[in-house]
Amino acid sequence: MSYELPAETLQWRRKVRAFVDSELQPLELQAEMNEGRIPAEARKRHEKFAIDAGITLMDTPKSLGGLALPLLTQVAIVEQFGRVTNALGWCYGEVQSWMFEACNADQVKRYVLPTTRGEVHLCYAITEEDAGSDPGAIKTTAIRHGGHYLVNGEKWHVTSYNLANTMVVQAKLQSGEHCLFFCPINAPGVRVVRTPLYAHTYDHHHPIISFTNVKIPVADRIGEEGAGMDFAHAWFRRERLMIAARCCGAMARLIEEATRFAQTRVVSGEAIASYQLIQAMLADSVVDLQAARLMTYEAAAAHDRGDDLKALHARCSMAKLFASEAAFRVADRAVQIFGGRGYMRENVAERFLREIRVDRIWEGTSEIQRLIIARSLLKRGLEATAGNN
Ligand SMILES: Cc1cc2nc3c(=O)[nH]c(=O)nc-3n(C[C@H](O)[C@H](O)[C@H](O)COP(=O)(O)OP(=O)(O)OC[C@H]3O[C@@H](n4cnc5c(N)ncnc54)[C@H](O)[C@@H]3O)c2cc1C
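Reading the values: rules and limits
- Residues numbered from 1 in each chain as written.
- Predicted model: local features only at pLDDT ≥ 70, side-chain atom pairs only at ≥ 80, totals over all residues.
- Heavy atoms only, no water.
- Helix = DSSP H or I, 4+ residues; strand = E, 2+ residues; numbered from the N terminus.
- Rg over C-alpha atoms; globule rule 2.2 N^0.38 Å.
- Contact = heavy atoms within 4.5 Å.
- Lys, Arg positive; Asp, Glu negative; His and termini not counted.
- Charge placed at Lys NZ, Arg CZ, Asp CG, Glu CD.
- Salt bridge = Lys/Arg side-chain N within 4 Å of Asp/Glu carboxyl O.
- Buried < 20%, exposed > 50% of the residue type's maximum accessible area, 1.4 Å probe, protein only.
- Domains from an automatic or database assignment.
- Buried area = accessible area lost by both parts, 1.4 Å probe.
- Polar contact = N/O pair within 3.5 Å; in protein donor to acceptor, adjacent residues only side chain to side chain.
- Near = heavy atom within 4 Å.
- Areas by Shrake-Rupley, 256 points an atom, 1.4 Å probe, with all protein chains shown as cover.
- Nonpolar A, V, L, I, M, F, W, Y, C, P; charged D, E, K, R; others polar.
- Pairing = 2+ DSSP bridges.
- Core = buried A, V, L, I, M, F, W, Y, C linked by side-chain atoms within 4.5 Å.
- Expected span 1.5 Å × (residues − 1).

(A) Examining the overall build of the protein more closely. A count of helical and extended segments in the protein gives 12 helices and 10 strands. For 389 residues, the compact-globule estimate of 2.2 N^0.38 gives 21 Å, and the protein sits close to it at 21 Å. Counting contacts in the protein only where the partners sit at least 6 residues apart, residues at least 24 apart contribute 73% of the total. The protein carries 46 positive and 46 negative side-chain charges, and their two centres are separated by 1 Å.

(B) View of the pattern of salt bridges. Counting across every chain of the model gives 34 salt bridges. Taking the shortest distance from any N to any O, the salt bridge between R351 and E28 comes out at 3.4 Å. A residue pair is termed long-range when its members are at least 10 positions apart, and R351 in helix α10 (residues 348-356) and E28 in helix α2 (residues 28-33) qualify at 323 residues. A relative accessible area of 3% places R351 in the buried class. Here E28 falls in the buried class, since its relative accessible area comes to 3%. Between R360 and E325 there is a salt bridge; the shortest N-O distance is 3.8 Å.

(C) Structural context of the domain arrangement of the protein. Its domain assignment divides the protein into domain 1 (7-116), domain 2 (122-222) and domain 3 (231-386). Residue-level contacts link nine residues of domain 2 with seven residues of domain 3. For the domain 2 face of the interface with domain 3, the top three residues by lost area are S133, H200 and Y202, together amounting to 41%. Between domain 2 and domain 3 we count zero salt bridges in total. Inspection of the region where domain 2 meets domain 3 yields two residue pairs in polar contact (both at pLDDT 80 or more).

(D) Here's a closer look at unusual backbone geometry. The phi dihedral of H157 is positive, around 55°, even though this residue is not glycine. Within the element layout of this structure, H157 appears in the loop between β3 (148-155) and β4 (166-173). Here the phi dihedral of E363 falls at roughly 55°; this positive angle occurs in a residue that is not glycine. Looking at where E363 falls in the secondary structure, it is placed in the loop between α10 and α11 (366-380).

(E) Representation of the site of the ligand in the model. Neighbouring residues of the ligand: 17 residues in total, closest T127, S133, T159, T365 and E367. Take E367: an N or O atom from its side chain is 2.6 Å from an oxygen atom of the ligand. In isolation the ligand exposes 970 Å². Once the protein is present, 63% of that is buried. Its residues assigned to classes, the shell around the ligand comprises eight nonpolar, seven polar and two charged. Three or more residues apiece are contributed to the shell around the ligand by two domains, here domain 2 (122-222) and domain 3 (231-386).

(F) Representation of the pairing of strand β5 (residues 178-184) within the structure. With six of its seven residues buried, β5 lies for the most part within the structure. Summarising the sheet, β4 and β5 pair through seven bridges and their orientation is antiparallel. Within the sheet, the bridge partner assigned to A171 lies in β5 and is C179. As consecutive antiparallel partners, β4 and β5 are separated by four residues, and within that stretch G176 has a phi angle of approximately 95°, a positive value. Note: β5 against strand β8 (residues 221-222), two bridges, orientation antiparallel. Paired with L180 across the two strands is I222, which belongs to β8.

(G) Quick look at the nonpolar core. Ranked by size, the top nonpolar core spans 65 residues in total, and within it I55, F81, M251 and I337 carry the most contacts. Looking at this core, the element that brings in the most residues is helix α7 (residues 231-264), giving 15 residues. Of the residues that make up this core, three or more belong to each of domain 1 (7-116) and domain 3 (231-386). For F81, the contacting residues outside a window of four places in its chain are V16, F19, V20, L24, I55, G89, C91 and Y92.

(H) Quick look at the side chain of E128. Structurally, E128 is set in the loop between β1 (122-125) and β2 (141-145). A distance of 2.6 Å separates the side chain of E128 from the side chain of T140, its partner in a polar contact. Setting aside its immediate chain neighbours within four residues, E128 contacts I138, K139, T140, E154, K155 and W156.

(I) Structural context of the pairing of strand β7 (residues 208-217). Across seven bridges, the pairing between β3 and β7 is antiparallel. When the bridges of β7 are listed, G153 appears paired with F211. As judged from the four bridges shared by strand β6 (residues 190-194) and β7, these two strands associate in the antiparallel manner. The residue bridging R194 from the neighbouring strand is I208, located in β7.

(J) Just helix α4 (residues 71-81), in detail. Of all 11 residues in α4, 11 are buried; the element is thus mostly enclosed. Every buried residue of α4 is listed here: L71, L72, T73, Q74, V75, A76, I77, V78, E79, Q80 and F81. The secondary structure elements touched by the buried residues of α4 are α1 (7-24), α7 and α8 (276-305).

(K) Representation of α11. Counted at 1.5 Å a residue, the expected span for α11 with its 15 residues is 21 Å, and the 21 Å between its end C-alpha atoms agrees. Those residues of α11 that are buried lie in contact with α7, α9 (309-338) and α12 (382-386). G381 sits one or two residues past α11 and shows a positive phi near 90°.

Structure representation (structure tokens):
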């Protein structure tokens, strides 16, 4: 169990952090007061930075012009985007290595590579009213008719649908097997049922989308019928690790902001930073960040070393579980340190408190992560699960 940050990783970290702090952070308040919106020109500029810097190519194979950065470096990059609120860090299309295994050459050309160039914007329609933690329970069907499928069903919480042009939809085939499909967001038969409001103030909405006899060509089915969705494990591992990384970025920002405030806020003649009860909150927050970062970076380094993927699955769950719960504790302490100001929407701690809550829910709730960790413990034993062998 060890990792060391190579010079290249540190360089990426510095570069992305400088962008996040100088370009994204100044827009947080404007976004918060405008339902998450920032000027279109700023949004374009942010995407251009990510594309020009190569961030959209970080998990693309070198054979296709990508950078195929070590996962440790990718985690260090994504961590920096976690430093901002209002989803301003979601400024680029994320292409992940599993896509190059799951998609055929034609789909890579039409959907995956254009995502790295900002031409395709994807959103994911998996969850349903009665199927969240247990995606096996989805009811959306894809029935084959010659050269196409007819898709029927309803999807919930489809994040970024309003900013996307293409959906990835999960449906059940006649055989009962699950399959993913690419589908234009405005394909005939696709309808926005409603767009509920959520706790955070994001320009990325999470509408409920219905599918009525939506015709999807066979060419847009991801993988062969019956090939299963083995890549889903790689997908989850990455998503969970990146949530942990963003939570680390959020914790770092919160600690910096709360410390700065504590050093300058004078109460009863003393800066509150001199009060030991305030120091305890800061100290506990640093411990939470340090532990979460160690788990996250180590799990990424273990991927790069080529550790057993099945055991790594539980390690990504541990990182996500710990980092998301730690980040919520840190945000709560930061609100407390800011006092009344910490409850104002213009305050960074208040925004993070609302935003970080969902990290304990999406991509598998904390309870589901605990189940994965416990199953690994029971099946593989402690040392393999914790990565100590
Ligand atoms: C803001 C937001 C954005 C999202 N974006 C997307 C998206 O883009 N695409 C998409 O497809 N989905 C998305 N989701 C859905 C998200 O992944 C699900 O909400 C999540 O997986 C939980 O499913 P659920 O809400 O149906 O909760 P449920 O599965 O109904 O769970 C309810 C409660 O029961 C607990 N529980 C469930 N099973 C067990 C068990 N076996 N043991 C113990 N406890 C259990 C859960 O932990 C939870 O506390 C989003 C959700 C939110 C809130």
